[in-house]
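Each chain is listed here by its residues.
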Amino acid sequence: DYTNLILYMSIPAIKLNNQNNKSFNFTSFYSKFNEYYPDLKQPNNLFLEWLIGFSEGEGSFILAKRGDLSFVVTQSSSDIEVLNYIKDNLGFGRVIKQSIKQNTHRFVIQDFKNLYLMCLLFNGNMVFPTRKARFLIFLSTFNERLIRKNLNTIIPLDNCVTPTLEDGWLSGISDGEGSFTCSLLSNSSAFRFRFILTQKWEANKYV
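Since this is a predicted model, take the numbers as computed values, not measurements.

Cut-offs and rules
Residues numbered from 1 in each chain as written. Predicted model: local features only at pLDDT ≥ 70, side-chain atom pairs only at ≥ 80, totals over all residues. Heavy atoms only, no water. Phe/Tyr/Trp six-rings, centres within 6.5 Å; stacked < 30°, edge-to-face > 60°. Helix = DSSP H or I, 4+ residues; strand = E, 2+ residues; numbered from the N terminus. Buried < 20%, exposed > 50% of the residue type's maximum accessible area, 1.4 Å probe, protein only. Axes fitted to C-alpha atoms, helices over the stretch in contact; angles between N-to-C directions. Parallel < 35°, antiparallel > 145°, perpendicular 65-115°, else oblique. Contact = heavy atoms within 4.5 Å. Nonpolar A, V, L, I, M, F, W, Y, C, P; charged D, E, K, R; others polar. Salt bridge = Lys/Arg side-chain N within 4 Å of Asp/Glu carboxyl O.

Scanning the model with the defined rule gives 21 aromatic pairs in all. Ring centres 5.6 Å apart and planes at 45 degrees place the aromatic pair Phe71 and Phe122 in the tilted group. One end of the pair, Phe71, is in strand E2 (residues 69-76); the other, Phe122, is in helix H5 (residues 112-122), and 51 residues separate them in sequence. Per residue, the accessibility class of Phe71 equals that of Phe122, and both read buried. Counting every residue linked through ring pairs, the aromatic cluster contains Phe24, Phe26, Phe29, Tyr30, Phe33, Tyr37 and Phe92.

Printed below as a string of structure tokens:
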């Protein structure tokens, strides 16, 4: 009846609030990174927090129609240094020219081993609910590939991190999606300074 429906619908809402109250955790990523790259320097926490924020604005986990999987960050060619910065700090991935006409470059990861690392990095460490939902679709497909290879799957973590001023996420998302503006008001000689961070969908509003 109606009363039971209200009670049933309230349960996931309570769980969601609890799940959102967590911080970044890179234990699984570091463990596998050290296994794959014992001679490479680990990327530090602040960089990884920044990368997650930047990727939630500018990155994509892509499921191509022909079945290819990839992680991609696209930037104007004038900002290619940020893509090289990501590649150099991670120690893997490629920076390639995407379009001469549009003057863009991409940081791309397509090989299975490094996609595995990226899945471990983002799993349970995303902030925006809509971005997390898209990632979990990608992870589901990636887990199917793991099963076919008789490898252990990655347990999906259906939670969102609550960022703070003590981590690098806000800097990353601001580099990707934020803007500092100064506007002159048309009806007076006044002016206005603003910092703006925009996201679609009501689910992201609490962030």
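What follows is about the packing of helix H3 (residues 45-58) against H5. Taken N-terminus to C-terminus, the directions of H3 and H5 make an angle of 95 degrees; their axes are 11 Å apart at the nearest point. With respect to H5, the axis of H3 lies roughly perpendicular. Together, Leu48, Leu51, Ile52 and Ser55 of H3 and Met118, Leu121 and Phe122 of H5 make up the contact between the two elements. Across the contact of H3 with H5, the residue classes tally to six nonpolar, one polar and no charged.

What follows deals with the pattern of salt bridges. In total, this model carries five salt bridges according to the counting rule given. A salt bridge links Lys32 to Glu35, with the nearest nitrogen and oxygen atoms 3.2 Å apart. Note that Lys32 and Glu35 are positioned in helix H2 (residues 27-36) at a spacing of three residues, about one turn of the helix. Between Lys87 and Asp88 there is a salt bridge, and its shortest N-O distance comes to 3.5 Å.

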